[in-house]
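This is what each chain is made of:
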Amino acid sequence: MAKYKSDILELLYHNRSTYLSGQMIAEQLSISRTAVWKTIELLKQQGFSLSSVQNKGYQLTRFPEEWDQDMMALIIKQSSYFKKRFVYKEVTSTQLVAKEKMLETDEPFIVVSEVQTAGRGRFNRNWDSQGSKGLWMTAVFRKEVPLHKIMTFNLFMSLAIAKTIRRVSGAEAKIKWPNDIYIDDRKCCGFLTEISGDASAIQNIICGIGINLNHELSDFQDELAVKATSLMAATGQKINRYQFFEELLTEIEEAFQQFITLEFSDIKEEYMQYSNIWQRKLRYTEGKKVVEGTAVEMMDDGRLIVQDDEGTLHHFISADIEL
Ligand code: BT5
């Protein structure tokens, strides 16, 4: 009954707030009631939970712990921008896979993996990517973008991610410039942006996003034990990873269109409301440059200006900030 799985799943997913009768599913898809029943059994075997009530029908109540290929296909099908998806149980890093896949297709696409054995942050730092707990993905955007514009990409993306986290979980997500999202001064998300193109323009933006969704605080070891959190740890509510993924895609697609058509100044006010570094004296490190001071201005090109105790202004393109 695998051949009806994605059609039935689609009906159940889009109507998940209600019950759908076996009769109705059978009629909609022009298949037999037995085929519906067998497919429902298959869905249960594959980790979906369905509540079934006599005279009302079926309702999708829970999703498999691991990413399900058909569910991911269904979500990507709704996307107006991303055309393909590559979903894995385990990869080294979705960034590395994305770079390989870029050679095979010119279309925008998404790579998601349950586990990353060598997930990476900036400067080749380790990114902790535990199975079934988070969303480890890379989004590849295909578009010619002038070089001077790229520094603002992270600003649009971070706002999109923070908004999604707030909407789906209710947690008060904050942006830590340039590429982190925090809840209660602990990191729940980091992303990194790589580019490729030629001397005159960028052609591809390869954005790797890692979001801790359903970790317990005790899942984080060593330095992360005091630095990291997840949406569930912050709110006490388990996150439906599919719903989160779906909402994130919608939000980052919109943010990408804004990045292309608008200036950072158009979203600056909203961005500043989400930022967690203002009015705080913090330590900024960029390469060998270390400054203790207060952020005083965010430039329209994405640079941050920090004032130290002597009143000297320092410009940062990207920095590690200690909260
Ligand atoms: C980042 O780097 O925050 C970017 C992380 C991007 C990860 C995604 S996952 C999908 C895609 N595939 C990849 O291989 N990478 C991307 P950075 O600002 O350099 O921060 C790295 C630091 O964050 C580490 O040194 C740790 O201190 C901390 N860290 C590592 N794993 C974490 C986690 N799961 N949650 C919170 N903090 C973490």
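Residues numbered from 1 in each chain as written. Predicted model: local features only at pLDDT ≥ 70, side-chain atom pairs only at ≥ 80, totals over all residues.

Student: Can you break down the UniProt feature "binding site: biotin" (unreviewed entry) in the chain residue by residue, with the values?
Tutor: The feature "binding site: biotin" (unreviewed entry), as given by UniProt, occupies Gln116, Arg120, Gly121, Arg122 and Lys187 in the numbering adopted here. Here arginine 122 lies in the loop between β4 (109-116) and β5 (134-146). The residue lysine 187 is located in strand β8 (residues 186-197) in this model. On the basis of neighbour counts, which here come to 18 C-beta atoms within 10 Å, the residue lysine 187 falls in the partly exposed class. Those residues in contact with lysine 187, other than ones at most four positions away along the chain, are Asp180, Tyr182, Lys227 and Ala228. (UniProt positions renumbered as here; feature names shortened; annotations may be inferred. Helix = DSSP H or I, 4+ residues; strand = E, 2+ residues; numbered from the N terminus. Buried ≥ 20, exposed ≤ 12 C-beta atoms within 10 Å, placed from the backbone. Contact = placed C-beta atoms within 7 Å.)

Student: Let's hear about the sheet that holds strand β11 (residues 289-298): which residues, and what values?
Tutor: Read across the sheet, 5 strands follow the order β13-β12-β11-β10-β14 without closing on themselves; strand pairing throughout is antiparallel. In this open sheet, the two edge strands, each paired with only one partner strand, are β13 (313-316) and β14 (320-322). When strand polarity is set aside, the average angle formed by the axes of neighbouring strands in this sheet is 45°. The pairing of strand β10 (residues 281-286) with β14 spans 3 bridges and is antiparallel. Along β14, the bridge assignment pairs threonine 285 with aspartate 320. (Pairing = 2+ DSSP bridges. Axes fitted to C-alpha atoms, helices over the stretch in contact; angles between N-to-C directions.)

Student: Can you explain the pairing of strand β12 (residues 304-308)? Please cite residues and give values.
Tutor: The sheet contact formed by β11 and β12 spans 5 bridges and is antiparallel. Each residue of the ladder has a partner; that of threonine 294, found in β12, is glutamine 307. Hairpin connection of β11 to β12: 5 residues between the antiparallel strands, including glycine 302 at a positive phi of 100°. Counting the residues that bridge the hairpin from β12 to β13 gives 4 residues, and of these glycine 311 lies at a positive phi of roughly 90°.

Student: So, the site of the ligand: which residues are in play, and what are the values?
Tutor: Around the ligand sit 29 residues in total, of which Ser93, Gly121, Gly190, Gly208 and Gly210 are the nearest. Here the shell around the ligand is composed, by residue class, of 9 nonpolar, 13 polar and 7 charged. (Near = placed C-beta within 6 Å. Nonpolar A, V, L, I, M, F, W, Y, C, P; charged D, E, K, R; others polar.)

Student: Tell me about the environment of threonine 34, residues and numbers included.
Tutor: Tracing the backbone shows threonine 34 in helix α3 (residues 33-45). Threonine 34 gets classed as exposed once you count the C-beta atoms within 10 Å, which come to 11. Considered as a pair, threonine 34 and glycine 22 are 12 residues apart in the sequence and their alpha carbons are 9.0 Å apart.

Student: With reference to specific residues and values, describe unusual backbone geometry.
Tutor: Here the bond from tryptophan 177 into proline 178 is cis, since omega is 5°, no more than 30 degrees from zero. Structurally, proline 178 can be placed in the loop between β6 (174-176) and β7 (180-183). With a phi close to 50°, aspartate 184 is a non-glycine residue in the positive phi region. Following the sequence through the fold, aspartate 184 ends up in the loop between β7 and β8. We classify aspartate 184 as partly exposed; it has 13 C-beta atoms within 10 Å. In the Ramachandran plot, aspartate 222 falls in the positive-phi region, its phi being about 50° despite a non-glycine side chain. Mapped onto the elements of the fold, aspartate 222 is located in the loop between β9 (201-212) and α7 (224-227).

Student: Report on the UniProt feature "domain: BPL/LPL catalytic" (unreviewed entry) in the chain, specifying residues and quantitative values.
Tutor: Mapped onto the present numbering, the UniProt feature "domain: BPL/LPL catalytic" (unreviewed entry) falls at residues 68-260. For residues 68-260, the end-to-end C-alpha separation is 32 Å, with 33% helix and 31% strand making up the annotated structure.

Student: With reference to specific residues and values, describe the packing of helix α1 (residues 2-14) against helix α2 (residues 22-29).
Tutor: Remark: α1 packs on α2, axes separated minimally by 11 Å, with the N-to-C direction vectors making an angle of 120°. It follows that α1 is oblique to α2 by the angle criterion. Here the hand of the crossing between α1 and α2 comes out right-handed. Contact residues: Tyr4, Asp7, Ile8 and Leu11 in α1; Ile25, Gln28 and Leu29 in α2. (Parallel < 35°, antiparallel > 145°, perpendicular 65-115°, else oblique. Left-handed = near helix turned anticlockwise from the far one by under 90°.)

Student: I'd like to hear about the domain arrangement of the chain, residue by residue, with values.
Tutor: Partitioning the chain into structural domains gives domain 1 (2-62), domain 2 (69-273) and domain 3 (277-322). Put simply, the middle of domain 1 and the middle of domain 2, counted by C-alpha atoms, are 31 Å apart. Of the residues lining the interface, 5 residues belong to domain 1; the matching set on domain 2 comes to 4 residues. Here the side of domain 1 that touches domain 2 is composed, by residue class, of 2 nonpolar, 1 polar and 2 charged. (Domains from an automatic or database assignment.)

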